[in-house]
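Architecture and fold: a report
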Amino acid sequence: MRKFLAIVKREYIQRVRSKMFVLITVLGPLVISFFGIAPALIFSIQAGGPLKIAVVDQTGKLYRHFYDSVTEESRPKYPQTGNANLLNRDTSQRFQELGEQRKNSFELEEIDPDGRPLSDIKHELDVRVLAKNLDGYLILPANLLESGKPEYFGRNTGDVLTTKFLTEALSRAVRQQRLADANIDVKIVQQLSEPVQLAATKVSASGGVADGGEGFALVFGAGFIMYLTILMYGQMILGAVIAEKETRISEILFSSVRPFTLMMGKLVGVSLVALTQLAIWGLAFLAFAAFGVRLLASRGVALHVPNVPAINFVYFGLFFLLGYFIYSTIYALIGSMVTTAQEGGQLSMPVVLLPLIGFYLFLPVSRSPDSSLAFWVSMFPFFSPMTPLWQIALSLAIGFGTVGLLTWLAARIYRVGMLMAGKKATIREVMRWVRQA
């Protein structure tokens, strides 16, 4: 036990004191926060001033509608429930709204055809675009309201957001003119076309709780963090085992420490490093929930943090340890079998891909958490648990039983594999190690 604790202490202190641990611990929440707000910051930058677009309206009817659609607040406003709703929407909808924020970044100029040939007008506008007096121009054909197709000519057609915004603005202008030609009130159509916002409420024994998608995002984010952390520290175990094997330090250590004690000390020590990092991140999250949300609310950004029961943090820690010991034991087993880091990376690829199956099963399980699929997935030790409590307890029992079995198996392979050099291990040889150890 004294030697085991010495190994745990060495693995823990050595990694906690490293600059990489401090860097990842500090920058981890900052990087996640940055990627959450980076799109809004990037799309709020107006580089180069407003875009100057000339419009050649051969219909004689669409320019005013198009101008209003681009520059004014005349489009239908969809009801919102605050800024938190914007933060909880999917990525495509968020990018669309960020693109629509550029509606005030255009300067439109109407070009009167005045009976001139279209080729002469295009030549004149091409000269202005090349001279950088214009960023582009639109040609609206005379039959656009029936079946014609508009054309856009610009110096930069790679700006996908601008092109999409102009397309949507032109579509609204054509729709409004068609309604006007049919003697239909546009405002009435806009009012009747407003979408319905569905309010979801979770029914529980303690009463109904409104859910705007924050719970789904929290669960998915926690699972993603667990996935990255388990693989990161599992790879750390793999690298440490291979390093000890390549430098022959393991031969010296085995003279005074049993292989099982050495392997378990390494696994426990690194697990404490991971728990330390997750605890720091958890405290940062709690501090943000306590103070950061109020600060954002005082500045007009309403952000709702879902109420997480304390028992869920306990479950998170238990299942993190479960996943960590399962995958880290496999990584230690792989490290003892290979002779180089390149071989270890190749053999670890299936281990990296295995947790992804859990993410693929996440959507059907979240859609029906009481189904047979959810039950059996939660019982499989390589995937995530589901409620109710007895299923969680059974899943934990099966999971830690799997950890014990894998640890016993890995220890028998670890003992022989760490002393093997100059030869690749085959499946038949590994089976013989298990029988002889």
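Located above this text is the structure these notes cover.
Below or above, wherever it landed, is the structure these notes cover. (Residues numbered from 1 in each chain as written. Predicted model: local features only at pLDDT ≥ 70, side-chain atom pairs only at ≥ 80, totals over all residues. Heavy atoms only, no water.)

**Examining the packing of helix 12 (residues 310-337) against helix 14 (residues 349-360)**
With their axes 10 Å apart at the nearest point, helix 12 and helix 14 run at an angle of 165° to one another. It follows from the interaxial angle that helix 12 and helix 14 lie roughly antiparallel. Handedness of the crossing formed by helix 12 with helix 14: right-handed. In this structure, helix 12 contributes Tyr-327, Ile-330, Tyr-331 and Ile-334 to the contact, and helix 14 contributes Val-351, Val-352, Leu-354 and Pro-355. By residue class, the composition of the contact of helix 12 with helix 14 is eight nonpolar, no polar and no charged. (Axes fitted to C-alpha atoms, helices over the stretch in contact; angles between N-to-C directions. Helix = DSSP H or I, 4+ residues; strand = E, 2+ residues; numbered from the N terminus. Parallel < 35°, antiparallel > 145°, perpendicular 65-115°, else oblique. Left-handed = near helix turned anticlockwise from the far one by under 90°. Contact = heavy atoms within 4.5 Å. Nonpolar A, V, L, I, M, F, W, Y, C, P; charged D, E, K, R; others polar.)

**So, the nonpolar core**
By size, the foremost hydrophobic cluster in this structure holds 54 residues, and its most contacted members are Met-263 and Tyr-324. Counting residues per element, the ones that place at least two in this core are helix 1 (2-16), helix 9 (214-246), helix 11 (259-298), helix 12, helix 17 (389-417) and helix 18 (427-436). At 14 residues, the largest contribution of residues to this core is made by helix 12. Beyond its immediate stretch of four places on either side in the chain, Tyr-324 contacts Ile-230, Tyr-233, Ile-237, Lys-266, Leu-267, Val-270, Ser-271 and Thr-329. Core analysis: the next-biggest nonpolar cluster, separate from the first, contains 19 residues, Val-55, Phe-66, Leu-166 and Leu-170 among them. (Core = buried A, V, L, I, M, F, W, Y, C linked by side-chain atoms within 4.5 Å. Buried < 20%, exposed > 50% of the residue type's maximum accessible area, 1.4 Å probe, protein only.)

**Section: the packing of aromatic side chains**
Scanning all chains against the criterion turns up five aromatic pairs. Measuring from centroid to centroid gives 6.1 Å for Tyr-63 and Tyr-67, while their planes differ by 40°, and the two rings are tilted. One end of the pair is Tyr-63 and the other is Tyr-67, both in helix 3 (residues 63-71) and four residues apart, which spans about a single turn. We classify Tyr-67 as partly exposed; its relative accessible area is 27%. (Phe/Tyr/Trp six-rings, centres within 6.5 Å; stacked < 30°, edge-to-face > 60°.)

**Remarks on unusual backbone geometry**
The backbone of Lys-132 sits at a positive phi, close to 65°, despite the residue not being glycine. Here Lys-132 lies in the loop between helix 6 (118-130) and strand 3 (136-140). Judged by its relative accessible area of 63%, Lys-132 falls in the exposed class. A positive phi is found at Asn-183, a non-glycine position, where the angle reads about 60°. Mapped onto the secondary structure, Asn-183 falls in the loop between helix 7 (160-181) and helix 8 (186-192). We classify Asn-183 as exposed; its relative accessible area is 74%.

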